[in-house]
Amino acid sequence: MIKTANVTKTVTTTEGDLQILQPISFEVNTGESIAIIGASGSGKSTLLGLLAGLDEVSEGEIFLDDAPLHNMDEEARAVLRGQKVGFIFQSFMLVQSLTALENVMLPAEIAGLDNPKKRAQDILEQVGLSHRAHHYPNQLSGGEQQRVAIARAFITQPKILFADEPTGNLDAANGKKVEELLFNLNKEQGTTLVLVTHDNTLAQQCDRQLTMQGGVLTESTLIGVEDRKEAV
Ligand SMILES: Nc1ncnc2c1ncn2[C@@H]1O[C@H](COP(=O)(O)OP(=O)(O)OP(=O)(O)O)[C@@H](O)[C@H]1O
Ligand SMILES: [Mg+2]
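Residues numbered from 1 in each chain as written. Chains lettered and ligands numbered in written order. Predicted model: local features only at pLDDT ≥ 70, side-chain atom pairs only at ≥ 80, totals over all residues. Heavy atoms only, no water.

1. Notes on the layout of surface pockets
Applied cut-off: Each cavity reported here is a set of points on a 1 Å grid over the protein atoms alone in which a 1.4 Å probe fits but cannot get out, each pocket an open set with protein on both sides within 12 Å along at least five of seven lines, and each lining residue one with an atom within 4 Å of a point. Grid points are joined across faces, edges and corners, and a volume is the space filled by probe spheres set on the points. The secondary structure listing takes helices from DSSP runs of H or I that are at least 4 residues long and strands from runs of E that are at least 2 residues long, numbered from the N terminus. Each residue is assigned to one class: nonpolar for Ala, Val, Leu, Ile, Met, Phe, Trp, Tyr, Cys and Pro, charged for Asp, Glu, Lys and Arg, and polar for all the others, Gly among them.
Size it by volume and the largest pocket reaches roughly 510 Å³. Lining the largest pocket are 16 residues, with Arg81, Val85, Phe87, Pro107 and Arg152 sitting closest to its centre. Of all the elements in the fold, those that place two or more residues in the lining of the largest pocket are helix H2 (74–84), strand E6 (85–88), helix H3 (100–110) and helix H5 (142–154). When grouped by side-chain class, the residues that make up the lining of the largest pocket number eleven nonpolar, three polar and two charged. Estimated volume of the second largest pocket: approximately 240 Å³. Together, Arg119, Asp122, Ile123, Gln126, Phe154, Ile155, Gln157, Leu181, Asn184, Leu185, Glu188 and Gln189 line the second largest pocket. The leading source of residues in the lining of the second largest pocket is helix H6 (residues 172–189), at five residues.

Here's what the structure looks like:
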């Protein structure tokens, strides 16, 4: 379960304080899938980073299950992330000095799971990248790096998976593959999914859709693809 109450984010810039998120309150039940949609620059990635404990709120409260993220320091949040959270970054954030396989193995090694190499090889196969396992990130295409980032987030079978534009760099076939992986994890393991996406098909598959507009988050009712295009 994720619960937020009046969460805001303000950053300091050379031009003064900038409030990126207006007070945000919402809940996501365990096993639910949520899509956050909205224009570029509206605050989607900022919110995702806060929900995952990667960044600190300016005001308000965030609970991941019963853990109060807003009261925890970076070290405590890192422990919690290791236990519960998977994160697929919009910019992938792969370790440049490690191969695709090593990048995927890393979270499994940190979590002390048995046979990290075999696990990583299996997941790389699922995202169609076995043939690129020994390439370094700078030897991979954007879509390939994205799939490595997805495999890395999946390997520990997290309770909560945050994904920022997980299909943003993929062609239709690979996008479909990733979509299936995400929703299989959701259905088979009860993983809570919080996705930021511009992809209408992906958004519509989620239980609920939330719209971010200028730092304000609102619940959208299930609207048709055509309607949503206008809303976004
Ligand atoms: N650390 C920061 N300092 C200053 N401004 C920031 C900072 N982080 C984010 N912003 C600004 O806050 C706004 C929201 O950024 P965010 O990355 O959350 O947008 P987004 O909705 O994810 O956009 P996109 O769809 O393009 O990824 C942007 O205008 C961005 O420039
Ligand atoms: Mg973003």
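2. Re the side chain of Thr99
Test applied: Categorising residues by exposure relies on relative accessible area from a 1.4 Å probe, with only protein chains included: less than 20% of the type maximum marks a residue as buried, more than 50% marks it as exposed, and the intermediate range marks it as partly exposed. Any two residues having at least one pair of non-hydrogen atoms within 4.5 Å are treated as being in contact.
Structurally, Thr99 is set in the loop between E6 and H3. On the accessibility criterion, Thr99 (7% relative accessible area) is buried. Residues within four places of Thr99 in sequence aside, it is in contact with Ala133, His134, His135 and Tyr136.

Nothing here speaks to function; it is geometry throughout.
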